Structure formats: C-alpha cells, structure tokens
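Structure at a glance
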Amino acid sequence: MAVPRRMLMDRGPSSTERALIAGHSGRSVAEIALTFDDGPHPEHTPRLLDWLAEHKVLATFFVLGAMARSHPDLVRRIVADGHEIGNHTYTHVSLEHASPQLLRAEVGTTRALLEDLTGSPCPLFRPPWGKISARALLQLWSDEHTVVLWNADPRDYAMKSSEAAVAWCARYRARSGDIILLHDTSTVASALVRDLVERTSRQALHFSRISQYIS
Ligand SMILES: [Zn+2]
C-alpha cells in the first residue's frame, strides 16, 4: 500500500516526479536533504551551524528532547538560521515495542517542548534507529506526524576520520529526493558535509529541508 509522503517518507520526489509536478522536463539540479540527528550538541552543533550559514546550506535537525531542554538557545538558533526542527524522542528510545504511554511521554513531551521553544508546529518525527511498531505509527499519524526515515546512510557515527567521510562523498551519487542521515554529535558529519558542498558546483546539488519534500 502506498502511503502519502506527508505520513511516511524515506525519500523525497525523484527528478521524474518533480518534472511531473512542475509540468515541464525538470531542472538538472538534484534536490537532496541533509538531516542531522541526536543533537543539539553544545560543541559540534554551533560549529556546524556557522559553517552551514556561511555556505547558505539549509538542513533539518531531528533533535532529542533532553538535549533541547539542556540547550534551548541552540534549538532557537537552528530555527532562526532557517533550518527545520524535527522530533527524535526525548531520550532516544526504541519505539519497536513502546506502550502508548511511553510514546506519549517520549514524543508528545518533546513535541510540546519544541513547539514552545520555536513557536512553530513541529510535526516532523524520526524514530531512533528508524524502528517503529505499526501501533506506534498509527498513533503518530493520529497526531498528524510526518514520519521521516532516510535512503542514504554514510554511517558517520562509525567513521574514525574525516578521510572516511571524504571517501564516502567521492562514492556518493546524488539523486533527487535523497535524504542523507547524519549526526551533529560528531565532527565527522561536518567534514562530510563540507566535502559534499564543495562538490556542489560539479554535481549541481540543491539542499532542501524535509518539508519541501511534502507536496
Ligand atoms: Zn538517533
């Protein structure tokens, strides 16, 4: 069964889909979305934000409620810089076997906190490890969440050096609609994004926020 992207997505529109929506043959630009999970991190996130601002790149940050509560100014800055905020639970808990009570505590509390901090609705949600039960999914949909997964995973958390990040970028072939999973809790993610953006002029990439994938 096909589910609308507004409810569940692991990638955005392909170039063919975009051309159909736009009613023309499409541009030769690949639209990809950078997503950063598990922050905001007091040391790495500000540095990453400085760099993204300098290079006019927008992204989506799936933050943890506990980290957001500890670093509310970073949450506000992410939004002030033009990025998008999504919910990644309060304590990075698996939702594979979560009770409705745990789901409310983890997801509902974080959403309320983020909406309070940013003054905007926060319907984007990414389950930790991409794992979620059918029951949890239905509950999230009844609360009008968009559940966001990914289709490109460099496994930045397991990379030991920025060389590994650069090697991944050299292999990566961007396709419109890609959602790249990264973590702003590590320095490797910054190295990876730097290399990816430096290749932009050659590959003609455009960086979308996740909501831009929902038509
Ligand atoms: Zn995570």
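In this text, all values refer to a predicted model and were calculated from it rather than measured experimentally. Counting from 1, residues in each chain are numbered in the order their sequence is written. With pLDDT at 70 or above as the cut-off, local features in this predicted model cover only qualifying residues; side-chain atom pairs require 80 or more to be listed or tallied, and sums for whole chains, interfaces and linings still use all residues.

A word on the pairing of strand β4 (residues 84–87). Here β4 shows two buried faces, one formed by E84 and G86 and the other by I85 and N87. Note: strand β3 (residues 60–63) against β4, four bridges, orientation parallel. In the strand pairing of β4, F61 is matched with I85. Residue burial here comes from a neighbour count, namely the number of other C-beta atoms, placed from the backbone, that lie within 10 Å of the residue's own C-beta, with 20 or more meaning buried, 12 or fewer meaning exposed, and in between meaning partly exposed. Helix numbering and strand numbering both begin at the N terminus, where a helix is a DSSP run of H or I of at least 4 residues and a strand a DSSP run of E of at least 2. Strands were regarded as paired on the criterion that DSSP finds at least two bridges between them.

Right, let's talk about unusual backbone geometry for a bit. Here G39 and P40 are connected by a cis peptide whose omega angle stands at 0°. One can find P40 in the loop between β2 (30–37) and α2 (44–54). Positive phi, normally seen in glycine, also occurs at T89, with a value near 75°. Within the secondary structure layout, T89 lies in the loop between β4 and α5 (100–118). Note on T89: 25 C-beta atoms within 10 Å, which makes it buried. For E144, which is not glycine, the phi torsion reads 60° and is therefore positive. Within the fold, E144 resides in the loop between α6 (134–142) and β6 (146–148).

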